[in-house]
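# A closer look at the structure
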Amino acid sequence: MSTTLPSRTLRDAFPANWTVRALWLGLVLYVIYAASILQITWARFVIGLDQGGKFLGRMWPPNVQAQKVQLITEGMLESLQIAVLATAFGVLLALPLGLIAARNLTPPWASWTARALIALLRTFHPVIVAILFVKAVGFGALAGVLALVVASMGFVGKLFAEAIEEISMKQVEAVRATGAGFLSVLIMGVLPQVMARFVGFIIYQLDSNLRNSTMVGIVGGGGIGATLFTAYQRFDYDVVLTILLVIIAIIMLFEVVSTRIRKVFQ
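Everything numeric in this text was worked out from a predicted model, so none of it was measured.

### Concerning the packing of helix H5 (residues 108–121) against helix H7 (residues 141–165)
Between H5 and H7, the shortest axis-to-axis distance is 8 Å and the interhelical angle comes to 140 degrees. With respect to each other, H5 and H7 are oriented oblique. Between H5 and H7 the crossing geometry is left-handed. Between H5, through Arg115, Ile118 and Leu121, and H7, the contact on the second element is made entirely by Val150, Met153, Gly154, Gly157, Lys158, Ala161 and Glu165.

### Some words on the packing of aromatic side chains
A full pass over the atoms with the stated rule returns five aromatic pairs. For the pair Phe155 and Tyr204, a centre-to-centre distance of 5.6 Å together with 35 degrees between the ring planes defines the contact as tilted. Taken together, the positions of Phe155 in helix H7 and Tyr204 in helix H9 (residues 182–218) put the pair 49 residues apart, joining distant regions of the chain. The class for Tyr204 is partly exposed, based on a relative accessible area of 39%. Seen from their ring centres, Tyr232 and Tyr237 are 5.8 Å apart, and the 65 degrees between their planes marks the pair as edge-to-face. Among the aromatic side chains, those forming a connected cluster through ring pairs are Phe160, Phe198 and Phe201.

### Re the packing of helix H6 (residues 126–137) against H7
Contact pair H6 / H7: the axes reach a minimum separation of 8 Å and the direction vectors enclose 140 degrees. As the angle between them shows, H6 and H7 are arranged oblique. As H6 runs across H7, the sense of the crossing is right-handed. Taken together, the residues of H7 that come into contact with H6 (itself represented by Pro126, Val129, Ala130, Phe133, Val134 and Val137) are Leu142, Ala143, Leu146, Ala147, Leu148, Val150 and Ala151. Partitioned by chemical class, the residues of the contact of H6 with H7 number 13 nonpolar, no polar and no charged.

### Remarks on the environment of Ala94
Mapped onto the secondary structure, Ala94 falls in helix H4 (residues 66–101). For Ala94, a relative accessible area of 0% corresponds to the buried category. Residues Ala94 and Arg197, 103 residues apart in the sequence, show an inter-C-alpha distance of 14 Å. Setting aside chain neighbours within four positions, we find Ala94 in contact with Ser152, Met153, Val156, Gly157 and Phe160.

### Observations concerning the side chain of Asn212
Structurally, the position occupied by Asn212 is in helix H9. Not counting residues up to four positions away in its chain, the partners in contact with Asn212 are Pro126 and Leu148.

### Topic: H5
Here H5 is 14 residues long and its end C-alpha atoms lie 20 Å apart, about the 20 Å a rise of 1.5 Å per residue gives. The elements touched by buried residues of H5 are H4 and H7.

### Details of the domain arrangement of the protein chain
Here the protein chain is partitioned into domain 1 (18–57) and domain 2 (63–264). Look at where the C-alpha atoms of domain 1 and domain 2 centre, and you get two points 34 Å apart.

### Notes on the pattern of salt bridges
Applying the stated criterion across every chain yields a total of three salt bridges. In this structure, Asp50 and Lys54 form a salt bridge, with 3.6 Å as the shortest nitrogen-oxygen distance. Residue Asp50 and its partner Lys54 are located together in helix H3 (residues 42–59), separated by four residues, close to a single helical turn.

Criteria and cut-off values
- Residues numbered from 1 in each chain as written.
- Predicted model: local features only at pLDDT ≥ 70, side-chain atom pairs only at ≥ 80, totals over all residues.
- Heavy atoms only, no water.
- Axes fitted to C-alpha atoms, helices over the stretch in contact; angles between N-to-C directions.
- Helix = DSSP H or I, 4+ residues; strand = E, 2+ residues; numbered from the N terminus.
- Parallel < 35°, antiparallel > 145°, perpendicular 65-115°, else oblique.
- Left-handed = near helix turned anticlockwise from the far one by under 90°.
- Contact = heavy atoms within 4.5 Å.
- Phe/Tyr/Trp six-rings, centres within 6.5 Å; stacked < 30°, edge-to-face > 60°.
- Buried < 20%, exposed > 50% of the residue type's maximum accessible area, 1.4 Å probe, protein only.
- Nonpolar A, V, L, I, M, F, W, Y, C, P; charged D, E, K, R; others polar.
- Expected span 1.5 Å × (residues − 1).
- Domains from an automatic or database assignment.
- Salt bridge = Lys/Arg side-chain N within 4 Å of Asp/Glu carboxyl O.

In structure tokens, the structure reads:
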């Protein structure tokens, strides 16, 4: 005796999710509304392309006069120093903060307190923090270093904590079973599992600080950003282009170096 299975239509196999459709429709309507409020129009975009073309024309060719190149070199070296110092101090402070924030190694009251501090450090953009430090310690590289240290602590501390929470606790328990103290457990049971990722985090943060050092310099935090802002205020757009090309070259060079460093620790 044969039985006939009821036929299933396409509508039955893929039922319509009207909630999701309503959310997508609401998102589209809000985008249209926001664009109208912010006066984002195609006409303004076309005008912007024309103005941008004229601006690029005034920037070309780049200025390679010896005096300008020396000024740019000094500013770029200062940015490199700011990035290296901020990364070094930021990572040193972020490492214990990330360890405390790891919920598999510390009690809840300690981990949640550390996570709240990390969230506070990550709340503001480095430029905003740099403005505060400029008001506190004055113009110069110190304000830029302090601002990037705060940014490094928030970002690297969060990544450290998440990496530690993903480790295998079997190795940690094995080291604890030998009667080892907390520091020995970290060195022998935790660090070997996360060392490669830690190196990757540090390299990425150094790259990020190198780029952010330009932005904090614009608000008075020293480095090439101050030189860039000064050149823009003086309408030296050819110098602006030279600075931008130097920044691009440095970032690309550092990308090659960081890739090779990661391969060493893999």
